[in-house]
Structure formats: structure tokens, C-alpha cells
Amino acid sequence: MSTYNRLPIAITEARGNYLYDTEGNTYLDLFTGLAVNILGHSHPAVVQALHEQGEKFLHISNKFLNPPAIRLARRLVENSILGRVFFCNSGAEATEAALKLIHKWSLKQSGGKSGFVVMKKSFHGRTLGAVRLTRQPGVQQDYPQPEIPVWEVEPNDIEQLKAVCKRERPAAVLAEPILGSGGIRPLEESYLREIENLCREQGMLCCMDEIQSGVGRTGQLFAYQHAGIQPDLILFAKGIGGGLPLGGIIAGETLSDLFRPGDHGTTFAPSPLSAALGCAVLEELLDRGQMEQGRNHAAHLWERLRSLREKYPETVGEIRGRGMMIGLSTHRRAEEIEALQRELLAEGVLVDITQQTVIRLLPPLTLTPEETDRFVAKLDAHFAKWKGKA
Ligand SMILES: *Cc1c(COP(=O)(O)O)cnc(C)c1O
């Protein structure tokens, strides 16, 4: 079905930081399958895990213990919050699991609180439950929505957040530490800490949607960790399966024992294969220095982008985000940015666009300084052309 606007190329192979198409062209991939391939394509450790687990078993169902999933859950908990993990197959399903779990908590332990505070322009998925929490008219459209109370607040407005929480008594605050499809808009660390404070004070749940910002993308395993807070619930997906479908939630001690057998579930998850790839990804990030190297690579990219902004203030607005999750906002029209994306593609670089005029960069942590320089030189040439015309 015509659910996607596609780019006019067909990929035959992907290796490292590059895509190869049917016409013999090569593309530097600054999109990584929408924030999935955090270590680039076909990383040797990921491919090895694929072969090793592929020869053992692909699926066994939840009637049995699943060793790769247990290993992955342990690593996630050891590197985030004390609690338990529920695995599913995607980001939207992680949001659904969170909705059901928080509903249980609301009924049993919240002292009458219910519903969610979410950020304006948030994105939490497209299933009917998740779309209730997604605050983008183009995504919500006029689809039916469940009667879950939801209040929308302006990101980083602490006073408004306080007022809404006091007045409405929500069960939870759900936030992306960096709003992804909302235009790469980071929540300030002080704001994240205020969310945590309010949740502690008023007995609400602090929930972080790390589906796009997690798995090392911002230079920490999860982006909330930059602010030093302790959420009650973490949503993850995208990068965690090393390129295969996998998502889930990490529930802290308040929530970790609420689901009982039969309360929630899914046939395929956790795929032993996805979980094995997830273990390989976390090993690379946490034990083999990939996250630290990614931080260095990102620092170079940020430095070069900032110098572009100094050179072309008439074109480049804010540069937002953290690590390898970057939004370069522009003062050009949507059609011009779309044309720029096509021209860059013709020159062998794949970038994404979000909120029409924001160039969204989601590069692999393995992006080298040389690759960054080549990309920035291309952007520079286009911005110079615009400057000449203006
Ligand atoms: C992509 C995304 C989702 C939805 O994930 P799917 O796997 O596409 O269902 C939810 N929240 C955030 C922040 C995302 O970026």
C-alpha cells in the first residue's frame, strides 16, 4: 500500500556506513534505517551473533526460558534502573505495554490518579493506543482513540507542567528526552529533573520514551542519563535489535511486579535472534568502547555543523539534539529542503527531513571524521549556492 513516500533508489547491499544501489551508486548513510543501525550495517559482531543464534533456534515461544533474552534483559537493567523487562516487537508495542501497565497501577496503587501528561509534538507510535499519546495531527488524524485522559504541555515550560500536574492529577508523565519526529527538540536537563521531582512529590510515574534516543545514540545508553534522573519506566525499540524487530519496556520497582501471567503478551517477542543481536550491540557499546568512540565522532560532527552555521546564518538556524541525534533547522522553504535531500542523494549522501525544514541526522556511531568532512563540504557547497542567489 502507498503508506510511504520513498526515495528513488533501490538498495542491494549495505555495509558499514554505506548503502549500495542497483545502479552501482554508493551512499553515505546518515539515516541508519531511522535510528536503527547504530553500529552501521553488517557490523561483524552483529553478523556473528546472527550466525551463532541462527544455528541454535529462531523461535521457541514464551512457554520456555529464552537465554539470549535473559542476557539482554540483565544487561539493560544493570545499565539503567533496577527492575524487570517486558519484550515486544516494536516501538508502538512498547507504548502499548506501558499503557496497560500504567493502567493497572492506576487502578491498584495510584490513589485515584489516572492518565498521561505528554509533550506537544510528541511521537509515541501509531497503534490506536499509542496514537492517543502522539501529539501530531498528521499522525492522529481522525482515527478513533481510546478514552485515556491525556494532557499536552509545551516542552521545557516548567510552570505549565507544575500547574497541569497539580490540577489534573495524572498517573504519569511520558516524555521523549529528545523529541524525535517532533523536530529533534531536546528537553532541558533542568526540565527532566523537574519532571522527576514532580513525580516523586506527587506520586506520579516518570516515564521516558527512549525508542529513538536510546541504545547509545546520544552518547549514553539512554538519553535521560545525561540529566542524572531515575525514571520509573523506560520504553525502548529501534536500535536494540541490531537491525531486527525488538522493543520493550524496563519497569522499575514500583511497576515491575504488577503484570501477572495472562495480563499481557505476544507470540514472537522476544525473538531469540533479535535478543542475541541486542546482546552483541550492547557488548560493542558498553564493553568495546563503541559508545565512547561514537561520542568523539559526534563531537567532530557537531563542531563542523556549528562552523557551517557561523558561515551561513541566513540558512542555518538552531542545531539541536545530542550525540548522533541531530536536527539542523533551516530558514528555507520545505520544497527547497526536499530538493536538497534529493541533490545530496545524487551526490551520494542520505539524510532525513523532519518537520519539513529540519534536516535530521541519525548517523551511525561509526561515522568517521573524514566522512563527516566530506558530508559537510557538500552541505557547504549547497549553502554557498543559496547565498549567491539570495
Ligand atoms: C519510532 C518511534 C516510536 C514507534 O516505534 P515503531 O517501532 O515505529 O512502532 C515511538 N516513539 C518514538 C520516540 C519513536 O521514535
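Residues numbered from 1 in each chain as written. Predicted model: local features only at pLDDT ≥ 70, side-chain atom pairs only at ≥ 80, totals over all residues. Heavy atoms only, no water.

Going by an unreviewed UniProt entry, the protein carries the name Aspartate aminotransferase family protein and comes from Paludifilum halophilum. The UniProt entry for the protein carries this comment under Cofactor (unreviewed entry): "pyridoxal 5'-phosphate". Under the Sequence similarities (unreviewed entry) heading, UniProt states for the protein: "Belongs to the class-III pyridoxal-phosphate-dependent aminotransferase family." (UniProt positions renumbered as here; feature names shortened; annotations may be inferred.)

Chemist: Requested: an account of the site of the ligand, with residues and values cited.
Modeler: In the neighbourhood of the ligand, the contacting residues comprise Ser90, Gly91, Ala92, Phe123, His124, Gly125, Glu176, Asp209, Ile211, Gln212 and Lys238. One of the backbone nitrogen or oxygen atoms of Ala92 is found 2.7 Å away from an oxygen atom of the ligand. Between the ligand and the protein, one listed contact pairs an oxygen atom with a side-chain N or O atom of Gln212 at 2.9 Å. Burial of the ligand by the protein amounts to 80% of the accessible area it has alone, namely 380 Å². Looking at the shell around the ligand residue by residue, the class counts come to three nonpolar, five polar and three charged. (Near = heavy atom within 4 Å. Polar contact = N/O pair within 3.5 Å; in protein donor to acceptor, adjacent residues only side chain to side chain. Areas by Shrake-Rupley, 256 points an atom, 1.4 Å probe, with all protein chains shown as cover. Nonpolar A, V, L, I, M, F, W, Y, C, P; charged D, E, K, R; others polar.)

Chemist: Provide a residue-level description of the pattern of salt bridges, including the pertinent values.
Modeler: Once their charged atoms are close, side chains differing in charge can pair, the charge on each being opposite to the other. Inspection of every chain in the model, using the stated rule, returns 19 salt bridges. Residue Glu336 pairs with Arg333 through a salt bridge whose shortest N-O separation is 3.9 Å. Taking the relative accessible area as the measure of exposure, Glu336 reaches 19% and is therefore buried. The structure contains a network of salt bridges with shared partners spanning Arg332, Arg333, Glu335 and Glu336. (Salt bridge = Lys/Arg side-chain N within 4 Å of Asp/Glu carboxyl O. Buried < 20%, exposed > 50% of the residue type's maximum accessible area, 1.4 Å probe, protein only.)

Chemist: Describe the pairing of strand β5 (residues 116-119), naming the residues involved and giving the relevant values.
Modeler: Here β5 shows two buried faces, one formed by Phe116 and Val118 and the other by Val117 and Met119. Bridge count between β5 and strand β6 (residues 150-153): four bridges; the pairing is parallel. Its bridge partner being in β6, Val117 is matched across the sheet by Trp151. Of the strand pairs in this sheet, β5 and strand β7 (residues 172-175) are connected by two bridges, and their pairing is parallel. (Helix = DSSP H or I, 4+ residues; strand = E, 2+ residues; numbered from the N terminus. Pairing = 2+ DSSP bridges.)

Chemist: Describe the sheet that holds strand β11 (residues 233-236), listing the residues and the values that go with them.
Modeler: Here seven strands make up an open sheet; going across it, the order is β4-β12-β11-β10-β7-β5-β6 and the pairing mixed. Across the chains shown, the open sheet's two edge strands, defined by having one partner strand only, are β4 (83-88) and β6. Between one strand and the next, the sheet's axes are offset by a mean angle of 20 degrees, whatever the strand orientation. Pairing analysis gives four bridges linking β7 to strand β10 (residues 205-209), with the strands arranged parallel. The partner of Ala175 across the bridge, within β10, is Met208. Helix-sheet contacts for helix α8 (residues 189-202) involve β5, β6, β7 and β10, and the interaxial angle to β10 is about 145 degrees. (Axes fitted to C-alpha atoms, helices over the stretch in contact; angles between N-to-C directions. Contact = heavy atoms within 4.5 Å.)

Chemist: Give me the packing of helix α2 (residues 44-56) against helix α9 (residues 272-286): which residues, what numbers.
Modeler: Contact geometry of α2 with α9 gives a least axis separation of 9 Å together with a crossing angle of 145 degrees. The two elements α2 and α9 cross, and the hand of that crossing is right-handed. Between α2 and α9, the residues in contact are Ala45, Val46, Ala49, Leu50, Gln53 and Gly54 and Pro272, Leu273, Ala276, Leu277, Ala280, Val281 and Glu284, respectively. Among the residues forming the contact of α2 with α9, the class breakdown is ten nonpolar, two polar and one charged. (Left-handed = near helix turned anticlockwise from the far one by under 90°.)

Chemist: Explain the packing of helix α10 (residues 290-311) against helix α12 (residues 369-389) to me, and be specific about the residues and the numbers.
Modeler: Relative orientation of the contacting elements α10 and α12 amounts to 15 degrees, with a least axis distance of 10 Å. One way to sum up the angle between α10 and α12 is to call them roughly parallel. By crossing handedness, the relation of α10 to α12 is classed as right-handed. In contact with His297, His300, Leu301, Arg304, Leu305, Leu308 and Lys311 of α10, α12 contributes Pro369, Thr372, Asp373, Phe375, Val376, Leu379, Asp380, Phe383 and Lys387. Taken together, the residues that form the contact of α10 with α12 break down as eight nonpolar, three polar and five charged. (Parallel < 35°, antiparallel > 145°, perpendicular 65-115°, else oblique.)

Chemist: Tell me about the nonpolar core, residues and numbers included.
Modeler: Ranked by internal contacts, the top residues of the largest apolar core, which has 76 residues, are Ile195, Leu305 and Phe375. Broken down by element, the residue count for this core peaks at seven residues, all from α9. There are two domains that each give this core at least three residues, and those are domain 1 (11-30 + 290-389) and domain 2 (44-287). In this structure Ile195 touches Met119, Leu161, Val173, Ala175, Leu187 and Cys206, once residues within four positions along its chain are discounted. (Core = buried A, V, L, I, M, F, W, Y, C linked by side-chain atoms within 4.5 Å. Domains from an automatic or database assignment.)

Chemist: Would you mind going over the environment of Cys199 in detail, with residue names and values included?
Modeler: On the secondary structure map, Cys199 appears in helix α8. Ignoring anything within four residues of it in the chain, the contact list for Cys199 reads Val173, Met204, Leu205 and Cys206.

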